[in-house]
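Take a look at the letters that make up each chain.
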Amino acid sequence: MNAHTYDQQAIWRDIAVSLQEIFGENAYRGWLKSLRFEEDLGGKVVLSVPTPFIRDWIQARYLSKLLACWQEKSPDVHAIDVIVNDAVPVLTDEPTQAPFMMPDVEARKAPLNDHTAGLDPRFTFENFVVGKPNELAYAAARRVAETDQVNFNPLFLYGGVGLGKTHLMHAVAWHLHIHRKDRKVIYMSAEKFMYQFIRALRNKNIIDFREYFRSVDVLMIDDVQFISGKESTQEEFFHTFNSLVDQKKQIILSADKSPSEMQGIEERMRSRLGWGLVADIHPTSYELRLGILQSKVEKLDVTIPAEVLEFLAYKITSNIRELEGALNRILAHVTLVGGKVSLETTQQVLKDLLRANERHVTIEDIQRQVAEHFNVRTSDMHSPKRLRCVARPRQVAMYLSKQLTTRSLPEIGKKFGGRDHTTVMHAVKKIEELKLGDISLRNDIDLLSRILSN
Ligand code: ADP
Ligand code: MG
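So, a few notes on the structure that sits alongside this text. (Residues numbered from 1 in each chain as written. Chains lettered and ligands numbered in written order. Predicted model: local features only at pLDDT ≥ 70, side-chain atom pairs only at ≥ 80, totals over all residues. Heavy atoms only, no water.)

Turning our eyes to something else, we now look at the overall build of the protein. The secondary structure content of the protein amounts to 21 helices and 8 strands. A principal-axis box enclosing the C-alpha atoms of the protein has dimensions of 90 × 65 × 50 Å. Counting only residues that meet the buried cut, the protein has 46% of its 454 residues in that class. Taking the intrachain contacts of the protein between residues at least 6 apart in sequence as the baseline, contacts between residues at least 24 apart amount to 74%. (Helix = DSSP H or I, 4+ residues; strand = E, 2+ residues; numbered from the N terminus. Buried < 20%, exposed > 50% of the residue type's maximum accessible area, 1.4 Å probe, protein only. Contact = heavy atoms within 4.5 Å.)

If you want it as structure tokens, here you go:
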């Protein structure tokens, strides 16, 4: 295909609609939303943003990935230029001018506590479905939102992606916004905190910056793992943190790991982070996933057969964001194509997603399951023992490893006490042979592979 048959502007329109999906909500809303297409210079495309800060930030953090996405659609593009175009509206949630950036008196009259701009209206306590995996985090967040006393400081919420950390923090902010308008609340991602800090440094506004952050009643910083390894930001954050704790102001933090597991964090910081209440959000359970789906469907006032919801709750186990994404895709399909939602259409519409959520069985899983089934120890799988009563189960495990994983024979041998690949090959052949004549062995293997593939 001739390089010039690509319509780069059309490609940009394609990419633009999936930016949020590719880079995540924070990056999108904080930075990427204001990107505009300028021109195609043949091999190089030019995008624009409204300010130099946004440009620098995008260049430093998102450009290479953006280029890679672009090249997937149009391999002839070898560079993306980001330029500043003042005419482009600022479309990020970054307040165009943060209060500490505005020395003039007029600007300072802007209410400091109206920070609802960056808050997702759907992320309220009412919309949060509580289950075993998140009940502690939920209860703690509610308590913080409803009482003036600072009982635990900080409240540290942690858990994997898409499990509801940001939702809970926004819920606290909404609650305070509605019930306690007098309290100054700041919610911000750690990434944005760092950006504000760097900008304040550059503009020699650091005193205002400090005053701004230290004058709040509730400070929420999301995804603090972002500042690990970033020393000066950490230092600044540490001081803000301490000063707020001293003033008995509430701090809520979130991260993908507990303070003790976070890497690249100074020791004194780590210990401070764990001072208050550390509440983890566990991976979702089937019941919670189903509950969330049911509550969404109810709110949207659409009917989806129970078996479809159950199927989704059973299959999409990674996180809630993906679960919502799956549901939205089905709803979109129904709106666009019409017709009833069935299990079949669901499977068809979500083919790729379902594949990604398939559980991958590991050799360790196989060894554990086989050992349990034949009443031998898992350690016998690695041991040099040649007794038939352990050697046979071991051969079954090798056979299943070959069948159910993509591992090579040498890799499998290694996991079985460093055996040679020819030993594995022999085991596979042996079991294949035995299966032909031995019904009970065949049943054992069928049963095991069914359990393991589920
Ligand atoms: P995290 O910040 O932990 O990565 P989010 O808070 O952004 O995750 O949650 C991802 C999505 O899942 C959001 O749309 C959120 O509303 C939804 N969600 C998470 N937990 C719940 C819950 N318990 N009930 C309802 N929706 C939830
Ligand atoms: Mg989040």
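There is more to say after this.
Our next topic: the environment of Val337. Structurally, Val337 is set in helix α14 (residues 320–337). For Val337, a relative accessible area of 58% puts it in the exposed group. Placed 113 residues apart in sequence, Val337 and Arg450 show a C-alpha to C-alpha distance of 36 Å.

If you trace the 5 strands from one edge of the open sheet to the other, you get β5-β6-β7-β4-β8, paired in parallel fashion. Unpaired on one side and paired on the other, β5 (185–189) and β8 (277–281) mark the two borders of the sheet. Here the strands of the sheet are splayed against their neighbours by 15 degrees on average, with no regard to which way each runs. Across 5 bridges, strand β4 (residues 155–159) lies against β8 in parallel orientation. For Leu157, the partnering residue across the bridge sits in β8 and is Ala279. Together, β5 and β6 (218–222) form the strand contacts of helix α8 (residues 190–202), whose direction differs from that of β5 by roughly 100 degrees. (Pairing = 2+ DSSP bridges. Axes fitted to C-alpha atoms, helices over the stretch in contact; angles between N-to-C directions.)

Take the nonpolar core next. Membership of the largest hydrophobic core comes to 58 residues, with the highest contact counts inside it found for Leu32, Leu35, Ile58, Leu66, Trp70, Ile221 and Leu253. The element best represented in this core is α8, accounting for 6 residues. Shared between two domains, this core takes at least three residues from each, and those domains are domain 1 (3–84) and domain 2 (135–280). Those residues in contact with Leu66 that sit more than four places away from it in its chain are Ile15, Leu19, Phe23, Leu35, Leu47 and Ile80. Phe128, Val172, Val218 and Met220 belong to the second-largest nonpolar core, a separate cluster that totals 27 residues. (Core = buried A, V, L, I, M, F, W, Y, C linked by side-chain atoms within 4.5 Å. Domains from an automatic or database assignment.)

This brings us to the packing of helix α12 (residues 286–300) against α14. α14 packs onto α12 with a crossing angle of 40 degrees between their chain directions and a minimal axis gap of 11 Å. Between α12 and α14, the crossing angle belongs to the class labelled oblique. When you trace α12 past α14, the crossing you get is right-handed. Contact residues: Arg289, Ile292, Leu293, Lys296, Val297 and Leu300 in α12; Ile320, Leu323, Glu324, Leu327 and Leu331 in α14. Of the residues contributing to the contact of α12 with α14, the split by class is 8 nonpolar, no polar and 3 charged. (Parallel < 35°, antiparallel > 145°, perpendicular 65-115°, else oblique. Left-handed = near helix turned anticlockwise from the far one by under 90°. Nonpolar A, V, L, I, M, F, W, Y, C, P; charged D, E, K, R; others polar.)

A separate point is unusual backbone geometry. A cis geometry characterises the amide bond from Asn153 onward to Pro154, with omega recorded as -5 degrees. When you line up the elements, Pro154 lands in the loop between α6 (135–146) and β4.

Okay, the site of ligand 1 next. Close contacts around ligand 1 come from 18 residues, with Val129, Gly162, Thr166, His167 and Glu324 the closest. The separation between a nitrogen atom of ligand 1 and a polar side-chain atom of Asn134 is 3.3 Å. Within the side chain of Thr166, an N or O atom sits 2.7 Å from an oxygen atom of ligand 1. For ligand 1, whose unbound accessible area comes to 560 Å², protein coverage reaches 95%. In this structure, ligand 1 is accommodated by the largest pocket. Sorting the residues of the shell around ligand 1 by element identifies α7 (165–179), α12 and α14 as the ones contributing at least two each. Classifying every residue of the shell around ligand 1 by side-chain character gives 7 nonpolar, 7 polar and 4 charged. When residues of the shell around ligand 1 are sorted by domain, at least three fall in each of domain 2 (135–280) and domain 3 (286–356). (Near = heavy atom within 4 Å. Polar contact = N/O pair within 3.5 Å; in protein donor to acceptor, adjacent residues only side chain to side chain. Areas by Shrake-Rupley, 256 points an atom, 1.4 Å probe, with all protein chains shown as cover. 1 Å grid on protein atoms, 1.4 Å probe; cavity = no way out; pocket = protein on both sides within 12 Å on 5 of 7 lines; lining within 4 Å. Sits in = over half its atoms within 2 Å of the grid points.)

Let us look at the pairing of β4. Side-chain positions along a regular strand alternate between the two faces of the sheet. Buried residues dominate β4, accounting for 5 of its 5 residues. What you see with β4 is no split at all: Leu155, Leu157 and Gly159 on one side and Phe156 and Tyr158 on the other are buried throughout. Here β4 runs beside strand β7 (residues 250–255); their pairing, made up of 4 bridges, is parallel. In the sheet register, Tyr158 faces β7, and the bridge partner there is Ala255.

Turning to the packing of aromatic side chains, a few remarks are in order. Counting across every chain of the model gives 12 aromatic pairs. Residues Phe23 and Tyr62 carry aromatic rings whose centres are separated by 5.6 Å and whose planes lie at 85 degrees to one another, so their mutual orientation is edge-to-face. With Phe23 in helix α1 (residues 8–23) and Tyr62 in the loop between α3 (52–61) and α4 (63–73), this pair connects stretches of sequence that are 39 residues apart. For Phe23, a relative accessible area of 14% translates into the label buried. Geometrically, the ring pair formed by Phe193 and Phe237 is edge-to-face, given 5.6 Å between the ring centres and 80 degrees between the ring planes. Of this pair, Phe193 sits in helix α8 while Phe237 sits in helix α10 (residues 231–246); the two residues are 44 residues apart in sequence, bridging distant segments of the chain. Judged by its relative accessible area of 1%, Phe193 falls in the buried class. Against the face of Phe23 rests Lys65, its NZ or CZ located 5.3 Å from the ring centre. If you follow Arg142 out to its NZ or CZ, it ends over the ring of Phe125, 4.7 Å from the centre. (Phe/Tyr/Trp six-rings, centres within 6.5 Å; stacked < 30°, edge-to-face > 60°. Lys NZ or Arg CZ within 6 Å of the ring centre and 35° of its normal.)

With that out of the way, let us pick up the pattern of salt bridges. Scanning all chains against the criterion turns up 20 salt bridges. When the shortest N-O distance is used, the salt bridge between Asp148 and Arg183 registers 3.5 Å. Residue Asp148 is found in the loop between α6 and β4, and its partner Arg183 is found in the loop between α7 and β5; the two are separated by 35 residues along the sequence. Residue Arg183 is classed as buried on the basis of its relative accessible area, which comes to 11%. For Asp217, the salt bridge identified is with Lys249, shortest N-O distance 3.8 Å. Of the two residues, Asp217 sits in the loop between α9 (206–214) and β6 while Lys249 sits in the loop between α10 and β7, which places them 32 residues apart along the sequence. For the pair Asp217 and Lys249, one class covers both residues: buried. Residues participating in the shared-partner salt-bridge network are Asp148, Arg180, Asp182 and Arg183. (Salt bridge = Lys/Arg side-chain N within 4 Å of Asp/Glu carboxyl O.)

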